[in-house]
Structures are given as structure tokens and as C-alpha cells.
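Structure at a glance
Spelled out from the first residue to the last, the chains are:
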Amino acid sequence: MTTRIAIFASGSGSNFQALTDACRAGELDATPALLVCDRPGAYVVERATAADIPYFAFAPKSYKDKGEFEAHILQELNRYEVDFIVLAGYMRLIGPTLLSAYKGRIVNIHPSLLPAFPGLDAVGQALLYGVKLTGVTIHFVDEGMDTGPIIAQQGIEVEADDTRETLEKKIHQVEHTFYPKTLQQLFSVKGEATIR
Ligand code: GAR
């Protein structure tokens, strides 16, 4: 049975697009059941509308706290019968409400070779540090910031003439194939994605 995924994003959503395209092309055996977005004006919401995928866009400030908005997210996840949460540029820590409801069933992509450069602006951090190799990490999500067991990593060389723009472009290009491919492997491991 195909895995019903909710994709969480905060911004442009190029990874959302790559994941939903991979589902529709049959390269990722999953159904994009819902977009969850914490910035109602984000471009990713337009992408979901264009792709005819339901979305739940919310303004965190209109809730008392994280517990309250995550309880609302959880209602939506139940409504759309979501099996698995895929974070794709969701710039917010996941709290205990979602972590306990989706234990072992939340993954994230981060634009560095973790544990190097967690948090915001991983690409800028890598350039500032002067590393010659950076990359992309896909990992299970726990309560920390870009922590949790690593599932897969791919290295990307930083060239002497790389700028933030060129490096970001290279990272995105890798992410767009690496994320669907890694999820496909994860979901095809028997039972892995559906254990509650
Ligand atoms: C991606 O590069 C993703 O790895 C990063 O945000 C970008 C979102 O781009 N995530 C993090 O930094 C998580 N800490 P997108 O909106 O175009 O998919």
C-alpha cells in the first residue's frame, strides 16, 4: 500500500515540487496527501494549489503556543490519514505533540553534512568556514535542531569560485533527486514506514 505523506515547508517549496513530481511520475511510491505550511503567503502554497494537493497553512502567532498549533496540525494529519511526515524546508522545530504521534515517522532534509552546520543558513555557514566539501543530509527527526539518526548523505564539492548562489543551486539540484530516491528506499523497506 502506498505511503500517505504530509510535506511540511515554509518557503519556496522546490523540494515539495520535486517530491510531488516524483510521486506522480511513479518514482516515489507515495501519495502527497497534504502540505503543511507555517507561512500562509509562502510560494509553496501556490505550488500545492497548482498541483491540486490539499494544504493546511497556518500562522503560528495566532495560537497560544506550539502545543496548540501542533494539535491543530495533528487534526489535519488525521483527517487526511497521513502515515509519514516529510520535512522539506520547514524552518521550525517539531514539538512533543507531533513527535509522539509520529514517532520514527518524521524525516528531514538539511543542506550540509550534519553534524556540521545545523540550524539556519547552512550554506552560508559552510562558505564562511571555508569547507571544501559540504552536502545534503536526510535524517530522522528528534527534538533537537537538525539532529536525529542519519539515513543518507551526499557530498558536494565547494569550488574556489562558488558563491552562495552557485552553491545553493548545486545543493538544490542534488536534493531534488536525492530526497525522493532516499524516501523510496526507506518506504520499500518492509514495514519501516507504517509501524505505529
Ligand atoms: C532546502 O535546501 C532544505 O534543505 C533547507 O531549506 C531549503 C528549502 O528549499 N532546510 C533546512 O535548512 C532545514 N534546516 P525549498 O523551499 O526550495 O525546498
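Scope of this entry: the structure provided in the associated data block. Values in this document were obtained by computation on a predicted structure and should not be read as measured data.

**Details of the site of the ligand**
With respect to spatial proximity, the complete set of residues near the ligand consists of Ser12, Gly13, Ser14, Asn15, Gly89, Met91, Ile109, His110, Pro111, Asp146, His172 and Glu175. Between the ligand and Gly13 there is a distance of 2.8 Å, counted from an oxygen atom to a backbone nitrogen or oxygen. In the model, a nitrogen atom of the ligand is placed 3.3 Å from a nitrogen or oxygen of the Asp146 side chain. Surface burial for the ligand is 87%, taken as the share of its 450 Å² of free accessible area covered by protein chains. Only helix 1 (14-24), strand 5 (106-110) and helix 6 (164-188) provide two or more residues apiece to the shell around the ligand. Taken together, the residues of the shell around the ligand sort by class into three nonpolar, seven polar and two charged.

**Looking at the sheet that holds strand 1 (residues 3-9)**
Here seven strands make up an open sheet; going across it, the order is 3-2-1-4-5-6-7 and the pairing mixed. Edge positions in the open sheet fall to strand 3 (55-57) and strand 7 (150-157), since each of these has one partner strand only. Neighbour-to-neighbour, the strand axes of the sheet open up by a mean angle of 20°, direction not taken into account. Note that strand 4 (residues 84-87) and strand 5 share three bridges and pair parallel. By the bridge assignment, Ile85 is partnered in strand 5 with Ile106. Across the sheet, helix 1 touches strand 1, strand 2 (30-37), strand 4 and strand 5, and the angle it forms with strand 2 is around 160°.

**Examining helix 6**
Look at helix 6: 35 Å from first C-alpha to last across 25 residues, which is about the 36 Å you get at 1.5 Å a residue. Of all bends in helix 6, the biggest is about 30°, found at Glu175. Every buried residue of helix 6 is listed here: Leu167, Ile171, Val174, Glu175, Phe178, Tyr179, Pro180, Thr182, Leu183, Leu186 and Phe187.

Criteria and cut-off values
Residues numbered from 1 in each chain as written. Predicted model: local features only at pLDDT ≥ 70, side-chain atom pairs only at ≥ 80, totals over all residues. Heavy atoms only, no water. Near = heavy atom within 4 Å. Polar contact = N/O pair within 3.5 Å; in protein donor to acceptor, adjacent residues only side chain to side chain. Areas by Shrake-Rupley, 256 points an atom, 1.4 Å probe, with all protein chains shown as cover. Helix = DSSP H or I, 4+ residues; strand = E, 2+ residues; numbered from the N terminus. Nonpolar A, V, L, I, M, F, W, Y, C, P; charged D, E, K, R; others polar. Pairing = 2+ DSSP bridges. Axes fitted to C-alpha atoms, helices over the stretch in contact; angles between N-to-C directions. Contact = heavy atoms within 4.5 Å. Expected span 1.5 Å × (residues − 1). Bend = angle between axes of the 7 residues up to and from the residue. Buried < 20%, exposed > 50% of the residue type's maximum accessible area, 1.4 Å probe, protein only.

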